[in-house]
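Fold and geometry: a report
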Amino acid sequence: MPLNLSLNSQIYQWKLKWLWLRHSYSFRWAHKPLCQRFSEDVLTVGHVHLCRSCTFLWLGGFIGLLGCLLVPPLRNDILWISPLSLFATLLLSAPGVYKKWPRWVRDGLRFSLGAALPLWLCLMLMGYYLLGAATVVVGLGVWFLYSQNRKKRKMQACESCPEYGQPQVCSGCTLQASQIRLYETKATQLYLESGQSPFG
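Conventions we followed
- Numbers given to residues run from 1 along each chain, matching the order in which its sequence is written.
- Residue-level local features of this predicted model are given only where pLDDT is at least 70; pairs of side-chain atoms are given and counted only at 80 or more, and the full residue set underlies all totals for whole chains, interfaces and linings.
- Where side-chain values are given, they derive from all heavy atoms of the structure, hydrogens and water being excluded.
- In this text, buried Ala, Val, Leu, Ile, Met, Phe, Trp, Tyr and Cys residues form a nonpolar core when linked through side-chain atoms within 4.5 Å.
- When a residue's accessible area, from a 1.4 Å probe over protein chains only, is under 20% of the maximum for its type it is buried; when over 50% it is exposed; and in between it is partly exposed.
- In this text, helices come from DSSP runs of H or I with a minimum length of four residues, and strands from runs of E with a minimum of two, each type numbered from the N-terminal end.
- Any two residues having at least one pair of non-hydrogen atoms within 4.5 Å are treated as being in contact.
- Multiplying 1.5 Å by the residue count of a helix minus one yields the expected span of that helix.
- Our arc is simply the arc of the directions from the helix axis toward the C-beta atoms.
- A pair of strands counts as paired when DSSP detects no fewer than two bridges linking them.
- Note on patches: the residues involved have over 30% relative accessible area and no salt bridge, like charges join within 9 Å, and the nonpolar side chains Val, Leu, Ile, Met, Phe, Trp and Tyr join within 5 Å.
- In these tables, accessible area is a Shrake-Rupley quantity obtained with a 1.4 Å probe, and a residue counts as shielded only by the protein chains included in the view.
- The term salt bridge refers to a side-chain nitrogen of Lys or Arg lying within 4 Å of a carboxyl oxygen of Asp or Glu.
- Charge counting follows a simple rule: Lys and Arg are positive, Asp and Glu are negative, and His as well as the terminal groups are ignored.
- Note that the charge is assigned to NZ on lysines, CZ on arginines, CG on aspartates and CD on glutamates.
- The pLDDT value expresses, per residue, how confident the predictor is, ranging between 0 and 100.
- Only the stretch in contact is used when fitting a helix axis, every axis being a line fitted to C-alpha atoms; angles between N-to-C directions are given from 0 to 180 degrees.
- Roughly parallel here means an angle under 35 degrees, roughly antiparallel means over 145, roughly perpendicular means 65 to 115, and every remaining angle is called oblique.
- Each residue gets one label: Ala, Val, Leu, Ile, Met, Phe, Trp, Tyr, Cys and Pro are nonpolar, Asp, Glu, Lys and Arg are charged, and the others, such as Gly, are polar.
- Think of it this way: a Phe, Tyr or Trp ring, Trp meaning its six-membered ring, pairs with another when their centres are within 6.5 Å, and the plane angle makes it stacked under 30 degrees, edge-to-face over 60, tilted otherwise.
- Sitting over a ring, as applied to charges here, requires NZ of Lys or CZ of Arg to be within 6 Å of the ring centre and within 35 degrees of the ring normal.

Looking now at the nonpolar core. Formed by Cys-68, Leu-74, Ile-78, Ile-81, Leu-119, Cys-122 and Leu-123, the largest nonpolar core amounts to seven residues. Looking at this core, the elements that each hand over two or more residues are helix 4 (78–92) and helix 6 (103–125). For this core, the element with the highest residue contribution is helix 6, accounting for three residues. Leave out the neighbours within four places in its chain, and Leu-123 touches Ile-78, Leu-79, Ser-82, Tyr-128, Leu-131, Gly-132 and Thr-135.

Below is the structure:
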């Protein structure tokens, strides 16, 4: 392929990705419909909607990393802090009890789960390889089982909504649908202007 055609194709792909980001950034990290039913689980900053659980997960990871780097007593006691914090978080996050906790407790559990990774890395870097391996194997196994249960509950989350099964787009997905339609219109225009071949 000639160099200029390859470059044009790359530019087109980047423009397409940027176009999608412009039309999806306000909802793409919400991970839930933007309706009253899920309002407790979504943080809104300006016109950007963020998954509350993921926000606290990433915040926990950042604070956990800073703690490992800047707080020597944390490193000194990492032998018991890392596995104990992870297992306590997983125990309190069991599908049967997690949704019964107040929202602020669930925020704390997601924060603690986010901090588990840098704490585990600290454990490994300090040479506790066997305990580190056992911790991650047990932790991933339990989290996998929780995830399977969570998938089933997510599929049923909207079944009791009065808008469920209606032909129109539900109120929780109206913003997403409108932005995706705008993206499709502009992406088509961008494609036509780019001179891209429909056959690649």
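Right, picking up where we left off after that structure.
The next thing to look at is helix 8 (residues 174–194). Think of an α-helix as 3.6 residues a turn; residues three or four steps apart then line up on the same face. In this model, helix 8 (21 residues) spans 30 Å end to end at C-alpha, consistent with the 30 Å of a helix rising 1.5 Å per residue. Among all positions in helix 8, only Gln-176, Ala-177, Gln-179, Tyr-183, Ala-187 and Leu-190 are buried. Buried residues of helix 8, viewed axially, fall in a sector of 160°; they line one side. Set apart from the buried face of helix 8 by more than 90 degrees, the exposed residues are Thr-185, Leu-192 and Glu-193.

Where strand 1 (residues 42–45) lies against strand 2 (residues 48–51), four bridges are found, and the strand directions are antiparallel. Residue pairing in the sheet places Thr-44 in a bridge with His-49 of strand 2. In textbook terms, the turn of a hairpin is the stretch between consecutive antiparallel strands, and for strand 1 and strand 2 this stretch comprises two residues, one of which, Gly-46, has a positive phi near 65°.

The next subject is a positive patch on the surface. Together, Arg-150, Lys-151, Arg-153 and Lys-154 line one region of the surface with positive charge. Note that Lys-154 resides in helix 7 (residues 129–155).

Averaged over all residues, the pLDDT of the protein chain equals 88, while 94% of them reach at least 70. Ranking the elements of the protein chain by mean pLDDT puts helix 1 (residues 3–24) last, at 83, and strand 2 first, at 96.

Running from N to C, helix 4 and helix 7 cross one another at 10°; their axes reach a closest spacing of 11 Å. Viewed along their axes, helix 4 and helix 7 adopt a mutual orientation that is roughly parallel. Side by side, helix 4 and helix 7 meet where Leu-79, Pro-83, Leu-86, Phe-87, Leu-90 and Leu-91 of the first sit next to Leu-131, Thr-135, Val-138, Gly-139, Val-142, Trp-143 and Tyr-146 of the second. The class makeup of the residues in the contact of helix 4 with helix 7 is eleven nonpolar, two polar and no charged.

Any pair of aromatic rings gets described here by the distance separating the centres and the angle formed by the planes. Counted by the stated rule, this structure contains four aromatic pairs. Aromatic pair Trp-20 and Tyr-183: ring centres 5.0 Å apart, planes at 70°, arrangement edge-to-face. Of this pair, Trp-20 sits in helix 1 while Tyr-183 sits in helix 8; the two residues are 163 residues apart in sequence, bridging distant segments of the chain. Since its relative accessible area comes to 28%, Trp-20 is described here as partly exposed. A relative accessible area of 17% places Tyr-183 in the buried class. By the ring-pair criterion, three or more aromatic residues cluster together here, those being Trp-20, Phe-27 and Tyr-183. The cationic tip of Arg-106 hangs over the ring face of Tyr-98; the distance from NZ or CZ to the ring centre is 6.0 Å.

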